[in-house]
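Observations on the three-dimensional arrangement
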Amino acid sequence: IAQFISYRYPDLHHRLLGLHDDEKDLTTDAVYGISREVPLNYVTRPNVDDKLIENLTRDKHLVVYGSSKQGKTCLRKYCLEEGDYVVVQCSNQWTLEDIHANILKRAGFKVTQSEKRTSTGRNKIVASLGATIFGVGSKLDGEKESTQSTETTSAELELDPNDVNDVIAALNSERFDRYIVLEDFHYLPLQSQMDFAVALKAFHETSRLCFIIIGVWLEENRLIVYNGDLTGRVVSINADTWTEAELTSVIVKGADLLNVEFTDAFMRELTGEAYSNVYIVQEACRQVCVRNGITHTARSKQELGTGVNVREIVREVVAQQTGRYKSFITQFSGGFQSTSLEMYKWLLYPLLIASAQELEKGFAYRELRETLEKKHPSGENLNPGNLTQALQSVASLQVKKNIKPIILDYDQTNLRLNIVDRGFII
């Protein structure tokens, strides 16, 4: 009832709580819960937020990477004004032409398929842009009435969606100057990621357009691995790192908004048990507040955290995804299809016997190879090429199996298999 009143009749709820006009009444979910908007207790990080802002004006493309639920999207929303960018949400079935077509759509073009074909035999597309050249309106002044008419002109461009030069020409014709954000870039098929890395150099060389690419991985130079020509043209921002001080600031800032105070012991233990995952910290604080009857800003200061079993709270937070983790193990072990080597099943073996500390560090290629040569039925006769091929496809396999967000990712630069979901480690 209290939540219903707060949402439908905020002024009434404000009076019922007896709050003064200069006090704010906030819900616990709005502070510590998962929100579509930037969290009210958002904390800026010098190595992340400042680096992003500093590089926005350097005419370079930005790559924001890190584990899932580490604040990558919130970072973009906090540091950029909504009118400064367009967002393209990537799909696991897109090719390069799909990426280009969706960029044009977000830029305001109406994209339709043409009957003409490109040199490769595929259909061209028609990108049309309508523009109003006279305003609409009528004005009545005494006995006189003046009316303005409306005319719309539409410019149509027939282009090859695979040709980055055609896409650049279309965007330049509109004088498009906003940032283009590619969210969930890791969902794209591997070939599409590599193709776009090639196209990105053309965007950099022949236009003023800047891209912000957001993906779940821990590899600093992923796009440069796909296209070495991007060296010096791309700035990578690691959004995965949360220090203990930054996580503590998240807790304290949220507590101040709710007029509560967590004990130092509670905050210290929570930041240690959460494995640097801000989502787990947020959700654990929310649960502690709710258990103590704090669903809104408290009327008087309350202390929370005394006698709380922090490890048990964290386990309960992670347990919400137990079904997804079990499904991941089952589906990933099956691979793309049934094979005699069962490489994806055996790739899970080192993970399932490892300690949490080893999982957090990741697994070097050499370690994986040595472990599999000892345990795999093929033994030392196991072809290293099969292992390499399986590792390079771990992300695409999870996308195909609809495992979202992904849990494993392979760093081709440092030859390391990483766990990019902290909840799975716990």
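As shown above, the structure is provided for reference.
Structural notes, computed from the coordinates. Remember, predicted model here, so these are calculated numbers, not experimental data.

1. Some details on the overall build of the protein
A tally of helices and strands in the protein yields 20 helices and 15 strands. Here the protein, with 426 residues, has 46% of them falling under the buried criterion. Of the accessible surface of the protein, which amounts to about 22,100 Å², a share of 45% is contributed by carbon and sulfur atoms.

2. Quick word on a negative patch on the surface
A cluster of acidic side chains, namely Asp-256, Glu-261, Asp-264 and Glu-303, defines a negative patch on the protein surface. A relative accessible area of 55% means that Asp-264 is categorised as exposed.

3. Here's the deal with unusual backbone geometry
In this structure, Pro-405 follows Lys-404 across a cis peptide bond, with omega equal to -5°. Secondary-structure assignment places Pro-405 in the loop between helix H19 (394–400) and strand S14 (408–411). Despite not being glycine, Tyr-275 has its phi angle at roughly 50°, a positive value. On the secondary structure map, Tyr-275 appears in the loop between helix H11 (264–273) and helix H12 (278–291). On the basis of relative accessibility, which here comes to 17%, the residue Tyr-275 falls in the buried class.

4. Quick notes on the sheet that holds strand S10 (residues 234–238)
Within a sheet, each strand pairs with its neighbour through backbone hydrogen bonds, oriented either parallel or antiparallel. A sheet is described by the order of its strands in space; here 5 strands give the open sequence S2-S8-S9-S1-S10, paired in parallel fashion. Taken across any chain shown, the strands that pair with only one partner, and hence form the sheet edges, are strand S2 (85–89) and S10. Sheet twist, expressed as the average angle between the axes of neighbouring strands with direction ignored, equals 20°. In this structure, strand S8 (residues 179–183) lies alongside strand S9 (residues 211–216), joined through 3 bridges in parallel fashion.

5. Observations regarding the pairing of strand S15 (residues 416–419)
Pairing between strand S13 (residues 363–364) and S15: 2 bridges, direction antiparallel. Within the sheet, the bridge partner assigned to Ala-364 lies in S15 and is Arg-416. Note that S14 and S15 share 4 bridges and pair antiparallel. Looking at the pairing, Asp-409 lines up with Asn-418 of S15. From the end of S14 to the start of S15, which pair antiparallel, there are 4 residues, and Leu-415 there has a positive phi angle of about 50°.

6. Structural notes on the environment of Ile-214
You can see Ile-214 is positioned in strand S9. The class of Ile-214 is buried, set by a relative accessible area of 2%. When residues no more than four places from it in sequence are discounted, the contact partners of Ile-214 are Val-64, Lys-72, Arg-76, Val-181, Leu-182, Glu-183, Asp-184 and Phe-185.

7. Here we look at the layout of surface pockets
Counted as a void, the largest pocket has a volume near 770 Å³. Contributing to the lining of the largest pocket are 32 residues, with Lys-69, Gln-70, Gly-71, Thr-73 and Cys-74 lying nearest its centre. Elements with a minimum of two residues in the lining of the largest pocket: helix H5 (72–79), S9 and H12. The element best represented in the lining of the largest pocket is H5, accounting for 5 residues. Classifying every residue of the lining of the largest pocket gives 14 nonpolar, 10 polar and 8 charged. Its volume calculated, the second largest pocket comes out at about 340 Å³. Lining the second largest pocket are 16 residues, and of these Phe-336, Gln-337, Thr-339, Met-343 and Tyr-344 lie nearest its centre. Only helix H14 (322–334), helix H15 (343–352) and helix H18 (384–392) provide two or more residues apiece to the lining of the second largest pocket. Here the lining of the second largest pocket is built from residues that sort into 5 nonpolar, 9 polar and 2 charged.

8. Here's the deal with empty space enclosed by the protein
Under the counting rule described, the total for this entry stands at 2 cavities of 30 Å³ or more. Forming the boundary of the largest cavity are 15 residues, of which Leu-190, Arg-222, Tyr-226, Gln-392 and Ala-395 lie nearest the centre. Secondary-structure elements contributing two or more residues to the lining of the largest cavity are helix H8 (190–206), helix H9 (222–226), H18, H19 and S14. The dominant element in the lining of the largest cavity, judged by the number of residues it contributes, is H19, at 3 residues. Counted by class, the lining of the largest cavity contains 8 nonpolar, 5 polar and 2 charged residues. Quantified by volume, the second largest cavity comes out at close to 70 Å³. Contributing elements (two or more residues each) for the lining of the second largest cavity: H12, helix H13 (310–319), H14 and helix H20 (422–425).

9. Considerations on the pattern of salt bridges
Applying the stated criterion across every chain, the model contains 14 salt bridges. Among the salt bridges present, the one from Asp-409 reaches Arg-222, with a minimum N-O distance of 2.5 Å. Of this pair, Asp-409 sits in strand S14 while Arg-222 sits in helix H9, placing them 187 residues apart in sequence. Judged by relative accessible area, which is 2%, Asp-409 ranks as buried. The partner of Arg-324 in a salt bridge is Asp-421, with the nearest N and O atoms 2.6 Å apart. On the criterion of sequence distance, the pair formed by Arg-324 in helix H14 and Asp-421 in the loop between S15 and H20 is long-range, its members being 97 residues apart. Connected via shared salt-bridge partners are Asp-29, Glu-283 and Arg-286.

Conventions we followed
- Residues numbered from 1 in each chain as written.
- Predicted model: local features only at pLDDT ≥ 70, side-chain atom pairs only at ≥ 80, totals over all residues.
- Heavy atoms only, no water.
- Helix = DSSP H or I, 4+ residues; strand = E, 2+ residues; numbered from the N terminus.
- Buried < 20%, exposed > 50% of the residue type's maximum accessible area, 1.4 Å probe, protein only.
- Areas by Shrake-Rupley, 256 points an atom, 1.4 Å probe, with all protein chains shown as cover.
- Patch = residues over 30% accessible without salt bridge, like charges linked within 9 Å, V, L, I, M, F, W, Y side chains within 5 Å.
- Salt bridge = Lys/Arg side-chain N within 4 Å of Asp/Glu carboxyl O.
- Lys, Arg positive; Asp, Glu negative; His and termini not counted.
- Charge placed at Lys NZ, Arg CZ, Asp CG, Glu CD.
- Pairing = 2+ DSSP bridges.
- Axes fitted to C-alpha atoms, helices over the stretch in contact; angles between N-to-C directions.
- Contact = heavy atoms within 4.5 Å.
- 1 Å grid on protein atoms, 1.4 Å probe; cavity = no way out; pocket = protein on both sides within 12 Å on 5 of 7 lines; lining within 4 Å.
- Points joined across faces, edges and corners; volume = space filled by probe spheres on them.
- Nonpolar A, V, L, I, M, F, W, Y, C, P; charged D, E, K, R; others polar.

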